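Below, each chain spelled out in residue letters.
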Amino acid sequence: MPTVFNEWHWEVTRRCNLRCFHCITTCGEAPEDEMSTEAAILATRRMAELGCTRLMITGGEPLVREDIFTIIKTCKKRGMELGLLTNGLTVNRYVVSELSSLLGSIGVSLDGAVERTHDAIRGKGSFKKACRAISHFSKTLPVSAYIAVSSNN
């Protein structure tokens, strides 16, 4: 089979620890039919069979999945270059340490240049946590800011 599908973006969950008013996927609580770990591992095999060599893991918030490191490690073993998009809320030293050896890049959602703007869009306290995540990750990985541009920012 030709490898025409080499770059993928995968929404591994619709769960999210924020309630952003601009969310296009209406993320929030876990849907009843969220993919199990076993199904996610099978999905990574199928992606690799279809020629996936670069994968951006998104959500919802992918770091709320308890099995996210298992999924990421499986993708890495399949030879995929990996990136991840996070809102930064749950990023700590352990998360940075684990992901730095597995990912080629990290994206952090940042919807304002100042706390007041970002927090009005994403929720109180989220700007400081996003900035902290950017600071921690920038020591080990290329970091991109993902911005949903609107009249609010």
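Values in this document were obtained by computation on a predicted structure and should not be read as measured data.

Asks: Describe the overall build of the protein chain, and please don't skip the residues or the numbers.
Replies: Looking only at helices and strands, the protein chain has five helices and five strands in total. Counting helices and strands in the order they occur from the N terminus, the protein chain gives β-α-β-α-β-α-β-α-α-β. Taken over the C-alpha trace, the protein chain has a radius of gyration of 16 Å; the compact-globule value for 153 residues is 15 Å, and the two agree within 12%. For the protein chain, the spread of C-alpha atoms along the principal axes amounts to about 50 × 35 × 30 Å. Pairs at least 24 residues apart make up 70% of the contacts formed inside the protein chain by residues separated by at least 6 positions.

Asks: Residues and numbers for the sheet that holds strand S2 (residues 54-58), please.
Replies: Across the sheet, which stays open at both edges, the five strands sit in the order S1-S2-S3-S4-S5 with parallel pairing between neighbours. At either margin of the open sheet sits one strand with a lone partner, and together these are strand S1 (7-11) and strand S5 (143-146). Averaged over all adjacent pairs, the angle separating strand axes in this sheet is 20°, with direction ignored. As paired elements, strand S3 (residues 81-86) and strand S4 (residues 105-109) share four bridges and run parallel to each other. Considered in S4, the bridge of Gly-83 is made with Ser-105. Relative to the sheet, helix H1 (residues 37-49) contacts S1 and S2, its axis offset from that of S1 by approximately 165°.

Asks: An account of the nonpolar core is needed here, citing residue identities and associated values.
Replies: In terms of nonpolar packing, the biggest core is built from 31 residues, with Leu-55, Ile-72 and Phe-137 touching the most fellow members. Looking at this core, the elements that each hand over two or more residues are H1, S2, helix H2 (68-77), S3, helix H3 (93-100), S4 and helix H5 (126-137). In terms of residue count, the dominant contributor to this core is H2 (five residues). Once residues lying within four places of it in the same chain are set aside, the contact partners of Phe-137 are Val-91, Val-95, Val-96, Leu-99, Ile-106 and Val-143.

Asks: Give me the lowdown on helix H4 (residues 115-122), citing residues and values where you can.
Replies: Within the sequence span of H4, burial applies to Thr-117, His-118, Asp-119, Ile-121 and Arg-122. Two residues or fewer after H4 comes Gly-123, characterised by a positive phi angle close to 130°.

Asks: Residues and numbers for the pairing of S3, please.
Replies: In terms of residue burial, S3 counts as a mostly covered element, since five of its six residues are buried. Where S2 and S3 come together, four bridges link them in parallel fashion. Considered in S3, the bridge of Ile-57 is made with Leu-84. The β-α-β motif built from S2, the intervening H2 and the parallel element S3 has right-handed crossover chirality. Between the parallel elements S3 and S4, the chain passes through H3 in a crossover that is right-handed.

Asks: Can you lay out the side chain of Asn-87 for me, pointing to particular residues and giving the numbers?
Replies: Note on placement: Asn-87 falls in the loop between S3 and H3. Within the structure, Asn-87 has its side chain in polar contact with the side chain of Asn-17 (distance 2.8 Å). If near-sequence neighbours (up to four positions away) are discounted, Asn-87 is found in contact with Cys-16, Asn-17, Leu-18, Glu-61, Val-108, Ser-109, Arg-122 and Ala-130.

Asks: Describe the pairing of S4, naming the residues involved and giving the relevant values.
Replies: Within S4, four of the five residues are buried, leaving the element largely enclosed by the surrounding structure. By the bridge criterion, four bridges tie S4 to S5 in an arrangement that is parallel. Note that in S5 the partner of Ile-106 across the bridge is Val-143.

Asks: Got a sec to walk through the packing of aromatic side chains? Specific residues and values, please.
Replies: Within this structure, the stated rule accounts for one aromatic pair. With a centroid separation of 5.7 Å and an interplanar angle of 85°, the aromatic rings of Phe-69 and Tyr-94 are classed as edge-to-face. One end of the pair, Phe-69, is in helix H2; the other, Tyr-94, is in helix H3, and 25 residues separate them in sequence. Here Phe-69 falls in the buried class, since its relative accessible area comes to 15%.

Conventions we followed
Residues numbered from 1 in each chain as written. Predicted model: local features only at pLDDT ≥ 70, side-chain atom pairs only at ≥ 80, totals over all residues. Heavy atoms only, no water. Helix = DSSP H or I, 4+ residues; strand = E, 2+ residues; numbered from the N terminus. Rg over C-alpha atoms; globule rule 2.2 N^0.38 Å. Contact = heavy atoms within 4.5 Å. Pairing = 2+ DSSP bridges. Axes fitted to C-alpha atoms, helices over the stretch in contact; angles between N-to-C directions. Core = buried A, V, L, I, M, F, W, Y, C linked by side-chain atoms within 4.5 Å. Buried < 20%, exposed > 50% of the residue type's maximum accessible area, 1.4 Å probe, protein only. Right-handed = clockwise from strand over helix to strand, strands pointing away. Polar contact = N/O pair within 3.5 Å; in protein donor to acceptor, adjacent residues only side chain to side chain. Phe/Tyr/Trp six-rings, centres within 6.5 Å; stacked < 30°, edge-to-face > 60°.

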